[in-house]
Amino acid sequence: MIEELGNVFAMLGAALAVILTGTGSAIGMSWVQQAAAGLTAEQPEKFGKTLILQLIPSSAALYGFVVAFLVMMQAVLGDGAGYTFSEGLIILVACLPIAGVGLFATLGQAKVCVAGVRIVGKRVELTGRAITMSVFIELFTLFALIVSVLTVFSVGG
């Protein structure tokens, strides 16, 4: 009975990875797209320059999906028994870095992207710098992704 809970904990971790990174990405993108819509209303020719800034906050959702996919594939394609109780707990903990950092770093990154849209509105030649500023925050999400992936791979499902 208790061994069956391993898959429950693992799937909870996978769900948190997708839910929290997806929520952060959706909220963050909406902030940036609102700013871009305001700029586009006044300067339609700058819409294209804001596209990458609108897209950048979506990366965390992709990272959360990758971790969840790895967790689920290991449960399905592993030795057939799924995760033991202790493995399920480890997987749940393994998903927390990408879930938490993915949520909070993306919200911070979105604020930088909103400021980037304002930069583009005033000085379009600084678009590259605005993008560069937002990418620095991406490093923290990548670190969390690496920790989550390595921990998931350390468990033999």
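Structural data are supplied above this passage.
This section reports on the structure supplied with the text. (Residues numbered from 1 in each chain as written. Predicted model: local features only at pLDDT ≥ 70, side-chain atom pairs only at ≥ 80, totals over all residues. Heavy atoms only, no water.)

### Here we look at the packing of aromatic side chains
Scanning all chains against the criterion turns up three aromatic pairs. The interplanar angle of 75 degrees and the centroid separation of 5.6 Å between the aromatic rings of Phe9 and Phe85 together place this pair among those described as edge-to-face. Of this pair, Phe9 sits in helix 1 (residues 5-42) while Phe85 sits in helix 4 (residues 85-122), and the two are 76 residues apart along the sequence. For the pair Phe140 and Phe143, a centre-to-centre distance of 6.2 Å together with 90 degrees between the ring planes defines the contact as edge-to-face. With Phe140 and Phe143 both in helix 5 (residues 127-154) and three residues apart, this pair spans about one turn of that helix. (Phe/Tyr/Trp six-rings, centres within 6.5 Å; stacked < 30°, edge-to-face > 60°. Helix = DSSP H or I, 4+ residues; strand = E, 2+ residues; numbered from the N terminus.)

### Considering the environment of Phe136
Looking at the element boundaries, Phe136 is found in helix 5. Here the alpha-carbon distance between Phe136 and Lys111, two residues 25 residues apart in the chain, equals 13 Å.

### Looking at the side chain of Ser25
Note on placement: Ser25 falls in helix 1. Among the polar contacts made by the side chain of Ser25, one reaches the main-chain carbonyl oxygen of Pro57 at a distance of 2.7 Å. (Polar contact = N/O pair within 3.5 Å; in protein donor to acceptor, adjacent residues only side chain to side chain.)

### Some points on the environment of Ala115
Mapped onto the elements of the fold, Ala115 is located in helix 4. Relative accessible area serves as the criterion here: at 33%, Ala115 is assigned to the partly exposed category. Sequence separation between Ala115 and Ala36 is 79 residues, and the spatial gap between their C-alpha atoms is 10 Å. (Buried < 20%, exposed > 50% of the residue type's maximum accessible area, 1.4 Å probe, protein only.)

### Topic: the pattern of salt bridges
Across all of its chains, the model carries one salt bridge by this definition. Measuring nitrogen to oxygen at the nearest pair gives 2.9 Å for the salt bridge that ties Arg123 to Glu125. Residue Arg123 is classed as partly exposed on the basis of its relative accessible area, which comes to 45%. Given the relative accessible area of 53%, Glu125 is considered exposed. (Salt bridge = Lys/Arg side-chain N within 4 Å of Asp/Glu carboxyl O.)

### Brief notes about the nonpolar core
Membership of the largest hydrophobic core comes to 18 residues, with the highest contact counts inside it found for Val67, Val71, Tyr83, Ile91 and Ile98. Those elements that place two or more of their residues in this core are helix 1, helix 3 (59-77), helix 4 and helix 5. Broken down by element, the residue count for this core peaks at five residues, all from helix 3. Core analysis: the second largest hydrophobic core is formed by 12 residues, Ala35, Ile56, Val117 and Val120 among them. (Core = buried A, V, L, I, M, F, W, Y, C linked by side-chain atoms within 4.5 Å.)

### Focus on a nonpolar patch on the surface
A cluster of nonpolar residues, Val18, Leu62, Phe65, Val66, Phe69, Met73, Val76 and Leu77, forms a patch on the protein surface that exposes about 730 Å² of accessible area. Broken down by element, the nonpolar patch gets its largest block of residues, seven residues, from helix 3. By secondary structure assignment, the location of Leu77 is in helix 3. For Leu77, a relative accessible area of 59% puts it in the exposed group. (Patch = residues over 30% accessible without salt bridge, like charges linked within 9 Å, V, L, I, M, F, W, Y side chains within 5 Å. Areas by Shrake-Rupley, 256 points an atom, 1.4 Å probe, with all protein chains shown as cover.)

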